[in-house]
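What the coordinates show
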2 protein chains.
Amino acid sequence: MVNKNIPDIVVGRLPLYLQTLNQMAREGFHVASSTVIAERLGTTAAQIRKDLSYFGGFGKQGMGYQLFLLIDELQKILNIDHIWQVALVGAGDLGHALIHYQGFARHGFEIILAFDNDPAKVGTVIGPIVIKNIDTMEAEIKSRGIKVGLITVPARNAQEIAERIVVCGVKAILNYAPTTLILPEGIQVQNVDPILYLQRMTYYLSD
Amino acid sequence: MVNKNIPDIVVGRLPLYLQTLNQMAREGFHVASSTVIAERLGTTAAQIRKDLSYFGGFGKQGMGYQLFLLIDELQKILNIDHIWQVALVGAGDLGHALIHYQGFARHGFEIILAFDNDPAKVGTVIGPIVIKNIDTMEAEIKSRGIKVGLITVPARNAQEIAERIVVCGVKAILNYAPTTLILPEGIQVQNVDPILYLQRMTYYLSD
DNA sequence: TAGATTGTTAATCGATTAACAATC
DNA sequence: TAGATTGTTAATCGATTAACAATC
């Protein structure tokens, strides 16, 4: 499925739509209008219809959208209609927590490899995973064809690690390190440093 | 410091600028031009100058920006020139990890309260914190004047918890629950569900 | 059929970029 | 002074919103 010049910002909203549609399906709904979805998301019906129309006409006039159909389509569009194997680098507190977090597996992101450079950690077990030596990282990632990486190393090491995993085939990086990664065109990066989000909110708080 | 109609999207970039400026300061730089900062952030010099100019003229022609001065100004603008006390709700795996995470305290966000509704967890200690019964949440948050909340409860409870802490004075919520919160005008919410970020990246991956 | 709601177009609004005079 | 780089304006680009014909 090739990028047909869909705006990035539209793609970024699709997972949010999917989340809400799944929630409604769990609540027993079978159809939803753009208005109802918009209310749950704090957005506008026009935006939802416009966004979806980039990909096709999934609704029916007078009726709205069939939940199961739309969920299915969105999963296909987002390429999450199958399981993605994931490698994690950096087995500190945060790495630990992420390996234990069930949410990844539940959404089809299976952490199957974890690496650390601390000899004391190598060989230890976290949940279903054995921490491996970072020297074996490239070989392991390449041999399994892993495309998605989670970076949970300290900021000063993040750029180097990112470059190394990109070289062996990783195409998407979820970066927990508090630093900006500069990577080749076409490599996807999302930063999830919570400090950035907190600081962006405190701007609006009078002390 | 009152919102002078600064675009949200500009405010959202300031923490990123601050992060990079701090990094450069640690590396020993004393000044930086918009071009150099832009390179590190993968953005453009024009955007950085434009963004900063909403708040004042912090640079000098021909010279660039004095790092310490600009860092100081950004901290004031973002209201992070003092410590924010934070309450966390939901002491599961994720809550645990966040309490242990040193990054919050290091950036002036001090988690001083944690709540859970599980009687088995109430009274247990995580790091420097005793988990309190959620029944005492409103009273505790109000009496300490806490303005910032971290929500790490399951999705189905997140909306209710958010409403409860907003009623007792919380104005900014970092929401780890995989659901959209609908809250009154003026309440700040940022969502940090990693699944959303992963899904947004897999769109661009051919399988 | 009447009512509801989509998909789409055009209008509006806002953000980014380019360019350059001001000035350190 | 000459070179560099800011702050700002105007031009461009892109995203959101409003409106409505099409149609279930």
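Just so you know, the residues in each chain are numbered from 1, in the order the chain's sequence is written. Just so you know, chain letters begin at A and ligand numbers begin at 1, following the order they were written in. Totals for whole chains, interfaces and linings use every residue, but because this is a predicted model, local features are given only for residues with pLDDT of at least 70 and side-chain atom pairs only at 80 or more, for both listing and counting. Each side-chain value is derived from all of the structure's non-hydrogen atoms; neither hydrogens nor water enter the calculation.

On to the packing of aromatic side chains, then. Paired rings are identified among Phe, Tyr and Trp, the last through its six-membered ring, by centres lying within 6.5 Å, and are further divided according to the angle between planes into stacked (under 30 degrees), edge-to-face (over 60) and tilted (the rest). The tally for this structure, following the rule as stated, stands at six aromatic pairs over all chains. Measuring from centroid to centroid gives 6.3 Å for Phe55 of chain A and Tyr203 of chain B, while their planes differ by 80°, and the two rings are edge-to-face. Remark: Tyr203 of chain B occurs in the segment after α9 (194-202) and Phe55 of chain A occurs in the loop between α3 (45-53) and β2 (59-60); the pair is interchain, linking two chains. Taking the relative accessible area as the measure of exposure, Phe55 of chain A reaches 18% and is therefore buried. Partly exposed describes any residue whose relative accessible area lies between the buried limit of under 20% and the exposed limit of over 50%, with all areas from a 1.4 Å probe on protein chains only and scaled to the type maximum. Residue classification places Tyr203 of chain B among the buried residues on the basis of a relative accessible area of 7%. Measuring from centroid to centroid gives 4.8 Å for Tyr203 of chain A and Tyr204 of chain A, while their planes differ by 90°, and the two rings are edge-to-face. A relative accessible area of 24% means that Tyr204 of chain A is categorised as partly exposed. Strands here are runs of E lasting at least two residues and helices are runs of H or I lasting at least four, both read from the DSSP assignment and numbered beginning at the N terminus.

Strand pairing requires that DSSP identify at least two bridges connecting the strands. Spatially, the seven strands line up as an open sheet ordered β6-β7-β5-β4-β8-β9-β10 (chain A), and their pairing is mixed. Two strands in the sheet have a free side with no partner beyond their single neighbour: β6 (125-126) and β10 (188-191) of chain A. As defined by bridge partners, strand β8 (residues 148-151) of chain A adjoins strand β9 (residues 172-175) of chain A across four bridges and the pair is classed as parallel. Residue pairing for β9 of chain A: Ile151 of chain A is matched across the bridge by Asn175 of chain A. Packing against the sheet, α9 of chain B makes contact with β4 (84-89), β5 (109-116), β8, β9 and β10 of chain A, and its axis sits at approximately 160° to β9 of chain A. Residues count as neighbours in contact if any of their non-hydrogen atoms are within 4.5 Å of one another. Fitted lines through C-alpha atoms give the axes, limited to the stretch in contact for helices. The angle between two N-to-C directions lies from 0 to 180 degrees.

Moving on: the relation of the copies chain A and chain B. By a simple turn and slide, chain A fits onto chain B: the slide is 0.0 Å along the axis, the RMSD is 0.0 Å, and the turn is 180°. Within this description, the copies of the chain are treated as partners about a two-fold rotation axis. Within chain A, Ala97 of chain A has its C-alpha nearest the rotation axis, a separation of 2.9 Å. The share of interface residues of chain A whose copies in chain B are also at the interface is 100%, consistent with both copies meeting through the same surface. Alignment of the copies relies on least squares applied to C-alpha atoms, considering only residues that score at least 70 for pLDDT in both.

What follows is about the nonpolar core. As used here, the term nonpolar core means buried Ala, Val, Leu, Ile, Met, Phe, Trp, Tyr and Cys residues forming a set that is joined through side-chain atoms within 4.5 Å. Membership of the largest hydrophobic core comes to 101 residues, with the highest contact counts inside it found for Phe104 and Leu150 of chain A together with Phe104 and Leu150 of chain B. Looking at this core element by element, the count peaks at eight residues for helix α1 (residues 8-26) of chain A.

Below, the discussion takes up the interface of chain A and chain B. Each partner contributes residues to the interface: chain A has 61 residues there, and chain B has 61 residues. A 1.4 Å probe defines the accessible area here, and the buried area is the portion of it lost by two parts on being joined, summed over both. For the pair chain A and chain B, the two sides together bury roughly 5,900 Å², of which 64% comes from carbon and sulfur. A per-residue breakdown of the area chain A buries against chain B is headed by Met201, Tyr203 and Tyr204 of chain A, which together make up 13% of the total. Basic side-chain nitrogens of Lys or Arg form a salt bridge, by our definition, when they fall within 4 Å of a carboxyl oxygen of Asp or Glu. Summed over the shared surface of chain A and chain B, the result is zero salt bridges. Those elements giving two or more residues to the side of chain A that touches chain B turn out to be α1, α2 (34-41), α5 (93-100), α6 (103-106), β8, β9, β10 and α9 (194-202) of chain A. The dominant element in the side of chain A that touches chain B, judged by the number of residues it contributes, is α9 of chain A, at nine residues. Here the nonpolar group is Ala, Val, Leu, Ile, Met, Phe, Trp, Tyr, Cys and Pro; Asp, Glu, Lys and Arg are the charged ones; every other residue, Gly included, is treated as polar. Residue composition of the side of chain A that touches chain B, by class: 35 nonpolar, 16 polar and ten charged.

Not every one of the 25 residues close to DNA strand D is listed here, only the nearest: Ser34, Arg49, Phe58, Gly59 and Tyr65 of chain B. To be near a molecule or strand, a residue needs just one of its heavy atoms within 4 Å of it. In DNA strand D, the atoms that sit within 4 Å of the protein are 56% sugar and phosphate, with bases accounting for the remainder. Polar contact is the term for a pair of N or O atoms within 3.5 Å; when the atoms are in protein, one must be able to donate a hydrogen and the other to accept it, and sequence-neighboring residues count only if both atoms are side-chain atoms. Contacts to DNA strand D include Arg49 of chain A, whose side-chain N or O atom sits 3.4 Å from a base nitrogen. One of the backbone N or O atoms of Gly62 of chain B is found 3.0 Å from a sugar or linking oxygen in DNA strand D. When residues in the surface near DNA strand D are grouped by element, the largest group, four residues, is from α3 of chain A. In terms of residue class, the surface near DNA strand D is built from six nonpolar, twelve polar and seven charged.

The next subject is the sheet that holds strand β9 (residues 172-175) of chain B. All names here are of chain B. Pairing is mixed in the open sheet, where seven strands are placed in the order β6-β7-β5-β4-β8-β9-β10. Whereas interior strands pair on both sides, the edge strands pair on one side only; in this sheet they are β6 (125-126) and β10 (188-191). Bridging between strand β4 (residues 84-89) and strand β8 (residues 148-151) involves four bridges; their strand directions are parallel. Each residue of the ladder has a partner; that of Val89, found in β8, is Ile151. Against the sheet, helix α8 (residues 155-167) engages β4, β8 and β9, with an angle of about 165° to β8.

Another aspect to go through is the protein's contact with DNA strand C. Surrounding DNA strand C, one finds 25 residues, the nearest of these being Ser34, Arg49, Phe58, Gly59 and Tyr65 of chain A. Close to the protein, within 4 Å, the atoms of DNA strand C belong to sugar or phosphate groups at a rate of 55%. The contact in question runs from a phosphate oxygen of DNA strand C to an N or O atom on the backbone of Gly59 of chain A, over 2.7 Å. Side-chain polar atom of Arg13 of chain B to a phosphate oxygen of DNA strand C: 3.0 Å apart, as the coordinates give it. Within the residue set of the surface near DNA strand C, elements represented by two or more residues are α3, β2 and β3 (64-66) of chain A together with α1 (8-26) and α3 (45-53) of chain B. Looking at the surface near DNA strand C element by element, the count peaks at four residues for α3 of chain B.

Along the polypeptide, Ile182 of chain B turns up in the loop between β9 and β10. As a C-alpha pair, Ile182 of chain B and Gln66 of chain B span 116 residues in sequence and 41 Å in three-dimensional space. Once residues within four sequence positions are removed from consideration, Ile182 of chain B is found in contact with Glu39, Arg40, Leu41 and Gly42 of chain A together with Gln159 of chain B.

Read these as layout, nothing more, since geometry by itself doesn't imply function.
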